Amino acid sequence: EIIKKILVNSPEIKRFSLLFFDMQAYRLKEGWQENIQTVRNQVFKNIDDLLLEGATDINTVFETLANTSWINQDKQKIDIFMFSDGHHTWGDINLAKTINDFKNKLRFQPRFYCYDFGCGVTGRRLFDILATFDGNTFCCYELTDTSKIATAHRKAMFHIEKINSQGLEDLI
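Side note on the overall build of the chain
So, point 1. On a plain count of helices and strands, the chain comes out with six helices and seven strands.
So, point 2. Shown N-terminal to C-terminal, the secondary structure of the chain runs as helices and strands in the order α-β-β-β-β-α-α-β-α-β-α-β-α.
So, point 3. Within the chain, the proportion of its 172 residues that are buried is 40%.
So, point 4. Pairs at least 24 apart in sequence give 69% of the contacts found in the chain among residues at least 6 apart.
So, point 5. Of the roughly 11,100 Å² that the chain leaves accessible, carbon and sulfur atoms contribute 49%.

A few points about the environment of Thr98
So, point 1. Note that Thr98 resides in helix α4 (residues 95-105).
So, point 2. Residue Thr98 is classed as buried on the basis of its relative accessible area of 11%.
So, point 3. Distance from Thr98 to Asn59, taken between C-alpha atoms, is 6.3 Å for residues 39 residues apart in sequence.
So, point 4. Beyond its immediate chain neighbours, meaning those up to four positions away, Thr98 contacts Asn59, Phe62 and Ile93.

Section: the pairing of strand β6 (residues 109-116)
So, point 1. Counting buried positions along β6 gives six out of eight residues, so the element sits mostly inside the fold.
So, point 2. One ladder, built from eight bridges, connects strand β5 (residues 77-84) with β6; its direction is parallel. What sits directly across from Ile80, in β6, is Phe112.
So, point 3. Tracing the backbone out of β5, into α4 and back to the parallel element β6 gives a crossover that is right-handed.
So, point 4. Of the strand pairs in this sheet, β6 and strand β7 (residues 135-139) are connected by five bridges, and their pairing is parallel. When the sheet's bridge partners are listed, Tyr113 is paired in β7 with Asn136.

A few points about the nonpolar core
Generally speaking, a soluble globular protein has its nonpolar side chains buried in company with each other.
So, point 1. In this structure, Phe62, Met82, Phe102, Phe112 and Leu130 are the most contacted members of the largest nonpolar core, which totals 23 residues.
So, point 2. Breaking this core down by element, the ones donating at least two residues are α3 (58-66), β5, α4, β6 and α5 (124-130).
So, point 3. No other element matches the five residues that α3 contributes to this core.
So, point 4. Among all residues touching Met82, those that are not within four sequence positions of it are Phe21, Val61, Phe62, Tyr113, Cys114, Tyr115, Leu126 and Leu130.
So, point 5. Ranked by size, the runner-up nonpolar core spans 14 residues in total, among them Leu7, Phe16, Val43 and Tyr115.

Thoughts on the confidence of the model for the chain
As a note on interpretation, predicted positions should not be read in detail where pLDDT is low.
So, point 1. In the predicted model, the chain carries a mean pLDDT of 81, and the fraction of residues at 70 or more is 80%.
So, point 2. Within the chain, no element has a lower average pLDDT than helix α6 (residues 146-150), which sits at 66, and none a higher one than strand β4 (residues 33-34), at 95.

Comments concerning helix α2 (residues 37-48)
So, point 1. Over its twelve residues, α2 runs 16 Å from end to end, which matches the ideal 16 Å to within 8%, given 1.5 Å per residue.
So, point 2. Of the surrounding elements, those touching the buried residues of α2 are α1 (2-8), β1 (15-16), β2 (19-21) and β4.

Let's talk about the packing of α3 against α4
So, point 1. It is the contact of α3 with α4, at a shortest axis distance of 9 Å, that shows an interaxial angle of 5°. By the angle between their directions, the pair α3 and α4 is classed as roughly parallel. Only Leu95, Thr98, Ile99, Phe102 and Lys105 of α4 make contact with α3, whose side of the interface consists of Ile58, Asn59, Phe62, Leu65 and Ala66.

Concerning the pattern of salt bridges
So, point 1. One pass over the full model with this rule turns up four salt bridges.
So, point 2. In this structure, Asp74 engages Arg107 in a salt bridge whose closest nitrogen and oxygen atoms are separated by 3.1 Å. Of this pair, Asp74 sits in the loop between α3 and β5 while Arg107 sits in the loop between α4 and β6, and the two are 33 residues apart along the sequence.
So, point 3. Exposure remark for Asp74: the relative accessible area of 57% places this residue in the exposed category.
So, point 4. We classify Arg107 as partly exposed; its relative accessible area is 45%.
So, point 5. Of the charged contacts, one joins Asp79 and Arg111 as a salt bridge, the two residues approaching to 2.8 Å between their closest N and O atoms.

Calculation criteria
- All residue numbers refer to positions counted from 1 along the written sequence of the respective chain.
- Per-residue local features of the predicted model are confined to residues with pLDDT of at least 70, and side-chain atom pairs are confined, for both listing and counting, to 80 or more; whole-chain, interface and lining totals are unaffected and use all residues.
- Note: side-chain values were computed over all heavy atoms of the structure, leaving out hydrogens and water.
- Only DSSP runs of H or I with at least four residues qualify as helices, and only runs of E with at least two residues qualify as strands; both kinds are numbered from the N terminus onward.
- We call a residue buried when its accessible area falls under 20% of the maximum for its residue type, exposed when it is over 50%, and partly exposed in between, using a 1.4 Å probe and counting protein chains only.
- Residues count as neighbours in contact if any of their non-hydrogen atoms are within 4.5 Å of one another.
- Only the protein chains shown count as cover for residues, and all accessible areas are computed by the Shrake-Rupley method using a 1.4 Å probe.
- Any two strands are treated as partners once DSSP identifies two or more bridges connecting them.
- Viewed with both strands pointing away, a crossover whose connecting path from the first strand over the helix to the second turns clockwise is right-handed.
- The set of buried Ala, Val, Leu, Ile, Met, Phe, Trp, Tyr and Cys residues whose side-chain atoms join them within 4.5 Å is what this entry labels a nonpolar core.
- pLDDT expresses, on a scale from 0 to 100, how confident the predictor is about each individual residue.
- Each residue after the first adds 1.5 Å to the expected span of a helix.
- A fitted line through C-alpha atoms serves as each axis, taken over the contacting stretch for helices, and the angle formed by two N-to-C directions is quoted from 0 to 180°.
- Note that the term roughly parallel is reserved for angles under 35 degrees, roughly antiparallel for angles over 145, roughly perpendicular for angles of 65 to 115, and oblique for everything else.
- Each salt bridge in this description consists of a side-chain nitrogen of Lys or Arg and a carboxyl oxygen of Asp or Glu lying within 4 Å of one another.

This is the structure in structure tokens:
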């Protein structure tokens, strides 16, 4: 539902490609697709029929992104929306090495928007590492209004630079 709302409510997204992953990575269609209603309707129909396994191999996501020639092009800026709980549950992984290998193969400039569906128990380390590419992580544990989360990527992030307090020794 969130994928649908992101595409419908984000006219700045002119084209998209969906990569689904569990123990492997899958595309419904190779190449970019136009973000227009007729294309979206066909994609949404295919998504409804998609069945992914419970296991997740995070390596396969980054290997696929880095090894897809029409994505990994010089200086191309690409927003990547990742829907995951952040847990790697299939095969061995050294997350730092996986991301480092990905960075070494990069010719495009990714910005990751992570939608954390981990129900409070997440692979937060993955999301923290992906934050170094820019973008943001949105917690979707108690999601009731998908409209707000579907447009959150369009809002500017804020960073707390300083907190002052007088007379307070500990601040939690």
